[in-house]
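Listed below, chain by chain, are the residues.
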Amino acid sequence: MPEGHILHRLARQHQRRFGRGPVIVSSPQGRFADGAAAVSGRVLKKATAWGKHLFHHYDGGRIVHVHLGLYGSFTEWPLLDDGAQPFPVGQVRMRMLGGEYGTDLRGPTVCEVIEAPEIAEVVRKLGPDPLRADADPALAWRRIAKSRKAIGALLMDQGVIAGVGNVYRSELLYRHRIDPLRPGTGITADEFDAMWSDLVALMKVGARRGTIVVVRPEHDHGAPSYRQGRPRTYVYRRAGDPCRVCKTKIHTTVLEGRNLFWCPGCQS
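First, a word on scope: everything that follows refers to the structure included in this document. On a predicted model such as this, the values are computed, not experimentally measured, just so you know. (Residues numbered from 1 in each chain as written. Predicted model: local features only at pLDDT ≥ 70, side-chain atom pairs only at ≥ 80, totals over all residues. Heavy atoms only, no water.)

**Here's the deal with the side chain of Ser 170**
- Topologically, Ser 170 is positioned in helix 6 (residues 166-175).
- Residue classification places Ser 170 among the buried positions, given a relative accessible area of 1%.
- Once you skip the residues sitting within four places of it in the chain, Ser 170 turns out to touch Val 235, Tyr 236, Leu 260 and Phe 261. (Helix = DSSP H or I, 4+ residues; strand = E, 2+ residues; numbered from the N terminus. Buried < 20%, exposed > 50% of the residue type's maximum accessible area, 1.4 Å probe, protein only. Contact = heavy atoms within 4.5 Å.)

Here's what the structure looks like:
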């Protein structure tokens, strides 16, 4: 599932590509036909993100709300001078044309038109987003400090912190040497503050580069598990491999339906 940095990157990209001009919106698949007709031809005023949710704000107050879910993705292409468009490949839920670009959305969990007041209903269920300037980490800390759930589960709860997915969850806990099964009540305020600051920095890099960067330079030494197709991470998807720092075998388990990765040597 795309993590929050991808949605913020998409919001910025869509703002640059389509913002402040009329956008032609269609639904080649047909499932979003009514929604597309409701906004097509309108000016895209801005694109914003909160956690894993993307919002396209059109003039007149209508908003296209997208949640990519596990399989959703956008692909884009430059528009040709003659206006020719590529034939839709696969189940294209929404196609946007504007300026010099087109983009197709496939496989989202949510693609709907809402009115401006309804954004509050979506956001009300979400925790602070580390990539938003208005984020209040104190809200996340209060939820964590009073919960006996494992911190590894709490970090994946979008109602605690919006935008964190499996990669950032596993890597953040490793970088701060915290056992992912430790309860929220066992996390100190100093530990949370350090994790939040690190998470903000990591996600900003991710949004800027379009990829997750978590390995510190002193540990980024081209180990064998950097071979093609393997993740450039400390623990995520490295079960059975030696820890980059202490050489202990990386462990994995399922926590609330998602695979969790950690080093029992570094995170004891």
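The rest of the description comes next.
**Concerning the sheet that holds strand 5 (residues 73-78)**
- On the basis of which strands lie adjacent, the open sheet formed by four strands has the order 1-6-7-5 and antiparallel pairing. Each end of this open sheet is capped by a strand with a single partner; those strands are strand 1 (24-26) and strand 5. Each neighbouring strand pair of the sheet contributes to a mean axis angle of 15°, computed without reference to strand direction.
- Relative to strand 7 (residues 101-106), strand 6 (residues 92-98) runs antiparallel, the two sharing six bridges. Bridge pairing in strand 7 places Gly 98 opposite Tyr 101.
- Those strands touched by helix 1 (residues 4-18) are strand 5, strand 6 and strand 7, and its axis lies near 145° from that of strand 7. (Pairing = 2+ DSSP bridges. Axes fitted to C-alpha atoms, helices over the stretch in contact; angles between N-to-C directions.)

**Looking at unusual backbone geometry**
- Notably, Arg 20 is not glycine yet its phi reads approximately 65°, a positive angle.
- Of note, Arg 20 is situated in the loop between helix 1 and strand 1.
- A relative accessible area of 73% means that Arg 20 is categorised as exposed.

**Some words on the pattern of salt bridges**
- If you walk through the whole model with that rule in mind, you get ten salt bridges.
- Salt-bridge contacts for Arg 17 lead to Glu 76; the nearest nitrogen and oxygen are separated by 2.8 Å. Taken together, the positions of Arg 17 in helix 1 and Glu 76 in strand 5 put the pair 59 residues apart, joining distant regions of the chain.
- Given a relative accessible area of 25%, Arg 17 falls into the partly exposed group.
- For Asp 104, the salt bridge goes to Arg 106, with nearest N and O atoms at 3.8 Å. (Salt bridge = Lys/Arg side-chain N within 4 Å of Asp/Glu carboxyl O.)

**Here's the deal with the state of the cysteines**
- The tally for this structure, following the rule as stated, stands at zero disulfides.
- No disulfide involves Cys 243; its sulfur sits 3.7 Å from the nearest other cysteine sulfur, which is in Cys 266.
- Given the relative accessible area of 1%, Cys 243 is considered buried.
- Left without a disulfide partner, Cys 263 is nearest to the cysteine sulfur of Cys 246, which lies 3.5 Å away.
- With a relative accessible area of 0%, Cys 263 lands in the buried category. (Disulfide = S-S within 2.5 Å.)

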